[in-house]
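An overview of the molecular structure
What follows is the residue order along each chain.
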Amino acid sequence: MRRARENWFDRKWKNRRALRARERRSAKYRARLEREEGGTPEPGGDDAPLAVSDDASIGVVCEVRSDIRVVMAGERCYANLTRVPLVVGDRVRFVVEGNHAVILEVLPRKSKLVRMRGDATRRSAFSKEEHVLAANVDVAVIVASAAAPPFHPRLIDRYLIMCQYGGIRPLICVNKIDLVTTRPDLSLYTDMDIPVVYVSALTGAGMERLKQHLRGRCSVLTGKSGVGKSSIFNALLRESIQRVGELTRTGRGRHTTTSSLMYRLDHDTFIIDTPGIRSLGLWDIDPDSLRLYFPDFLPFATACRYRDCSHTHEPDCAVKEAVSRGEVAPGRYESYRRLMNELVGK
Ligand SMILES: Nc1nc2c(ncn2[C@@H]2O[C@H](COP(=O)(O)OP(=O)(O)OP(=O)(O)O)[C@@H](O)[C@H]2O)c(=O)[nH]1
Ligand SMILES: [Zn+2]
């Protein structure tokens, strides 16, 4: 894949249209871009503003559909019609040709939220492919619903692993609290320093707290279909300043979409909406390293008889003993066993 991408860029560099377009770009136009783009923060990036070099700008991919990518730089958006493997949040170096972005380079990803494409339980050769849900985000808002659909804590455990893998801070957001009298107890996660917020997109309860967690960051909303991601998103947008990145192939505005989209909530707060997922298969995690993704096991693991104890079948496993004493949450251990079986192909 990497090689294919490099080849693509080699070709693109040689693309005559792009070169001609670069030549056509006047100093006046570049000055305007600099004026308009200077000082605008970049989602998931450094504190430095979007830079404009002699003839190329740095932009962020804020929408990806099958037929179009939208690149945002400052307050402007440009369409890109190629099939470069980009995801929302990717940072690119590009030049402008008309209303279009000619992408010269995709900058290295600082973080990414990934999963295995397809259904994790069906292990066909085709399903073993990385699916990047979003790039360069600071926070993954793991949305679950307290009811309808029922609360599934085991999916949260999968997300936490992929957050740790991808260098992203997790935030657990339990929606639809208006439907229940007792909220799911997630103190085991708060004990692990993972923030948990309870909200109702319908009534607005808890939304202020959620906003505080999002402020000044680039976050991705993710979770199963029907948990209320879009409702939360819309509730956040209701008071938002600006919606980012809506362009058709011809550069016209667009109002409905099922694809991933990035919006600016305020000056330096960005949020990405993603389509619901059916399952979250672990990507690039091997069975031997799985235990490292369960930080709540680690204090006990040092007392296991074997240093490389997998905490499954070995005698004198201190993690299993901690589970039976209730010092490790049984649900977490259940997640671990299930994932281990999945990874070893049982
Ligand atoms: N009672 C209640 N219903 C809600 C709440 N939030 C969302 N819903 C309802 O839940 C259903 C699904 O909400 P969506 O926002 O479409 O869920 P989603 O996670 O975006 O689903 P996908 O777009 O398929 O990924 C809708 O009927 C919403 O009206 C809430 O806080 N309380
Ligand atoms: Zn053990």
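Cut-offs used in this document
- Residues numbered from 1 in each chain as written.
- Chains lettered and ligands numbered in written order.
- Predicted model: local features only at pLDDT ≥ 70, side-chain atom pairs only at ≥ 80, totals over all residues.
- Heavy atoms only, no water.
- Near = heavy atom within 4 Å.
- Polar contact = N/O pair within 3.5 Å; in protein donor to acceptor, adjacent residues only side chain to side chain.
- Areas by Shrake-Rupley, 256 points an atom, 1.4 Å probe, with all protein chains shown as cover.
- Helix = DSSP H or I, 4+ residues; strand = E, 2+ residues; numbered from the N terminus.
- Nonpolar A, V, L, I, M, F, W, Y, C, P; charged D, E, K, R; others polar.
- Buried < 20%, exposed > 50% of the residue type's maximum accessible area, 1.4 Å probe, protein only.
- Pairing = 2+ DSSP bridges.
- Donors = N, O, S within 2.8 Å, 3.2 Å for Na, K, Ca; no water.
- Tetrahedral: all angles 85-135°; square planar, octahedral: opposite > 155°, others 65-115°.
- Arc of directions from axis to C-beta.
- Contact = heavy atoms within 4.5 Å.
- Phe/Tyr/Trp six-rings, centres within 6.5 Å; stacked < 30°, edge-to-face > 60°.

Moving on to the site of ligand 1. Around ligand 1, the surrounding shell holds 16 residues, and the nearest of these are D178, S225, K229, S230 and S231. In the model, an oxygen atom of ligand 1 is placed 2.9 Å from a nitrogen or oxygen of the K176 side chain. In this structure, G276 approaches ligand 1 through a main-chain N or O atom, which is 3.1 Å from an oxygen atom. Taking 650 Å² as the accessible area of ligand 1 by itself, protein coverage stands at 67%. Tallying contributions element by element places helix α7 (residues 229-238) first for the shell around ligand 1, with 3 residues. A breakdown of the residues in the shell around ligand 1 according to their chemical character gives 4 nonpolar, 8 polar and 4 charged.

With that settled, consider the pairing of strand β12 (residues 260-266). Successive side chains on a regular strand alternate, one facing one side of the sheet and the next facing the other. Counting buried positions along β12 yields 6 of 7 residues, so the element is predominantly enclosed. With 2 bridges connecting them, strand β1 (residues 57-64) and β12 associate as antiparallel partners. Residue pairing in the sheet places V64 in a bridge with S260 of β12. Note that β12 and strand β13 (residues 269-273) share 5 bridges and pair antiparallel. Each residue of the ladder has a partner; that of Y263, found in β13, is I271.

This brings us to the environment of G345. Residue placement: G345 occurs in the segment after α10 (330-343). When its relative accessible area of 55% is taken as the criterion, G345 is described as exposed. Through-space distance from the C-alpha of G345 to that of A134 is 27 Å; in sequence the pair is 211 residues apart.

Moving on, we get to the coordination of the zinc ion (ligand 2). Summarising the metal site, the zinc ion (ligand 2) is bound by the protein donors C304 (SG), C309 (SG), H311 (ND1) and C317 (SG), whose distances to it range over 2.2 to 2.4 Å. Note that the zinc ion (ligand 2) binds 4 donor atoms; their angles at the metal cover 104 to 115°, and the shape is tetrahedral. If you list the donors of the zinc ion (ligand 2) from N- to C-terminus, the spacing comes out as C-x4-C-x1-H-x5-C.

All right, on to helix α9 (residues 318-325) then. Residues of α9 that are buried include every one of A318, V319, A322 and V323, and no others. Each buried residue of α9 sits inside an arc of 150° when the element is viewed along its axis, so together they form one side. Where α9 is buried, its residues touch α8 (298-301) and α10. G326 sits one or two residues past α9 and shows a positive phi near 85°.

Those residues of helix α6 (residues 207-214) that sit buried are M207, L210, K211, H213 and L214. Along α6, the residues classed as buried sweep out an arc of 160° about the axis, all on the same side. Positive backbone phi, approximately 75°, marks G216, located one or two places after α6.

For the structure shown, the criterion picks out 7 aromatic pairs. Aromatic side chains F233 and Y263 sit 4.5 Å apart centroid to centroid with 75° between the ring planes, which places their arrangement in the edge-to-face category. With F233 in helix α7 and Y263 in strand β12, this residue pair connects regions lying 30 residues apart in the sequence. Classification of F233 as buried rests on a relative accessible area of 3%. Between the aromatic rings of F294 and Y336, the centroid separation amounts to 5.2 Å while the plane-to-plane angle is 85°, which identifies the pairing as edge-to-face. Note that F294 is positioned in the loop between β13 and α8 and Y336 in helix α10, a separation of 42 residues in sequence. Joined through ring pairs, the aromatic side chains of F294, F297, Y333 and Y336 make up one cluster.

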